[in-house]
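# A structural walkthrough
For reference, the chains in residue letters:
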Amino acid sequence: MQKLRLEVAKLHKEQTDLTKEPYIYHLLRVEHFSSIIINNINKHPDFNINDNLKEMVRITSLLHDSIEDCAHLMDDIDEYLKRIIYKNTNIKDDHDINIIIQSIKLLTKDENDKENYIAHLLKLNEYKNNSNINPFDDLSLKSAIIVKYADTLDNMNYVRLS
């Protein structure tokens, strides 16, 4: 994961958040919160997130803003993400990499709705409702929900933003 963190830091090197901190700090906090959420989910007897999915969620958390913030740096977004994941993580299976990319896309706001956060959240719900599956059986949606929750926790941290 350290190689991916370094790669993501390079990708976002010119960016700062609302507090003028390097943007990578936000991504690292989201990764951390995602890990805490997974550890708490795994305490429930009816849920189990295996180590492979844990790593996929952590990767998604580090890359969750990459399309919105850095797409201009990428010729082919899917190929770029596949390359960065394959090169910098232990995830090598194409199916798993595609789940991560789908999760990132679920977390990416539509270009036309950048300011409409509610519309973005509705996109996740629409995906869930249009799928004839239990959302917790869909790994990309499960990962996206965990990362969205972790991202929201960090974005709502009034201590950081005050």
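The following paragraphs examine the structure supplied in this document. Small disclaimer: the values here were computed from a predicted structure and weren't measured.

### Description of the packing of helix α1 (residues 2–11) against helix α5 (residues 77–88)
Between α1 and α5, whose axes approach to 8 Å, the crossing angle comes to 140 degrees. Pair α1 / α5 crosses with right-handed handedness. Across from K3, L4, E7 and L11 in α1, the residues of α5 making contact are Y80, I84, K87 and N88. Considering only residue class, the contact of α1 with α5 consists of four nonpolar, one polar and three charged.

### A closer look at the nonpolar core
Within the largest apolar cluster, 36 residues are counted, with the highest numbers of intra-cluster contacts made by I59, L63, L81 and I85. At the level of secondary structure, the elements contributing two or more residues to this core comprise α1, α2 (24–41), α3 (51–63), α4 (66–70), α5, α6 (94–106) and α8 (139–155). In contact with L63, not counting residues within four places along its chain, are V8, L81, I84, I85 and I104.

### As for the packing of α2 against α3
Taken N-terminus to C-terminus, the directions of α2 and α3 make an angle of 155 degrees; their axes are 8 Å apart at the nearest point. Here α2 is positioned roughly antiparallel relative to α3, judged by the angle of their axes. Of the two elements, α2 crosses α3, and the hand of that crossing is right-handed. Seen from α2, the contacting residues are L27, L28, V30, E31, S34, S35, I38 and N39; seen from α3, they are K54, V57, R58, S61 and L62. Across the contact of α2 with α3, the residue classes tally to six nonpolar, four polar and three charged.

### Regarding the pattern of salt bridges
Taken as a whole and judged by the stated rule, the model has 10 salt bridges. Linking D154 and R29 is a salt bridge whose minimum nitrogen-to-oxygen distance equals 2.6 Å. In this pair, D154 is assigned in helix α8 and R29 in helix α2, connecting sequence segments 125 residues apart. According to the relative accessible area criterion, D154 is buried, its value standing at 0%.

### A word on the environment of K82
Positionally, K82 belongs in helix α5. Taking the relative accessible area as the measure of exposure, K82 reaches 29% and is therefore partly exposed. Distance from K82 to D94, taken between C-alpha atoms, is 8.3 Å for residues 12 residues apart in sequence. Excluding residues within four positions of it along the chain, K82 makes contact with I97, N98 and I101.

### A word on a positive patch on the surface
Among the surface-exposed residues, K3, R83, K87 and K92 lie close enough to one another that they form a single positively charged patch. Looking at where K92 falls in the secondary structure, it is placed in the loop between α5 and α6. On the basis of relative accessible area, K92 is assigned to the partly exposed category, the value being 38%.

### Details of unusual backbone geometry
Positioned with a positive phi, K20 is a non-glycine residue whose angle comes to about 70 degrees. Position of K20 relative to the elements: it lies in the loop between α1 and α2. We classify K20 as exposed; its relative accessible area is 65%.

Cut-off values and rules
Residues numbered from 1 in each chain as written. Predicted model: local features only at pLDDT ≥ 70, side-chain atom pairs only at ≥ 80, totals over all residues. Heavy atoms only, no water. Axes fitted to C-alpha atoms, helices over the stretch in contact; angles between N-to-C directions. Helix = DSSP H or I, 4+ residues; strand = E, 2+ residues; numbered from the N terminus. Left-handed = near helix turned anticlockwise from the far one by under 90°. Contact = heavy atoms within 4.5 Å. Nonpolar A, V, L, I, M, F, W, Y, C, P; charged D, E, K, R; others polar. Core = buried A, V, L, I, M, F, W, Y, C linked by side-chain atoms within 4.5 Å. Buried < 20%, exposed > 50% of the residue type's maximum accessible area, 1.4 Å probe, protein only. Parallel < 35°, antiparallel > 145°, perpendicular 65-115°, else oblique. Salt bridge = Lys/Arg side-chain N within 4 Å of Asp/Glu carboxyl O. Patch = residues over 30% accessible without salt bridge, like charges linked within 9 Å, V, L, I, M, F, W, Y side chains within 5 Å. Areas by Shrake-Rupley, 256 points an atom, 1.4 Å probe, with all protein chains shown as cover. Lys, Arg positive; Asp, Glu negative; His and termini not counted. Charge placed at Lys NZ, Arg CZ, Asp CG, Glu CD.

By themselves these figures say nothing about function.
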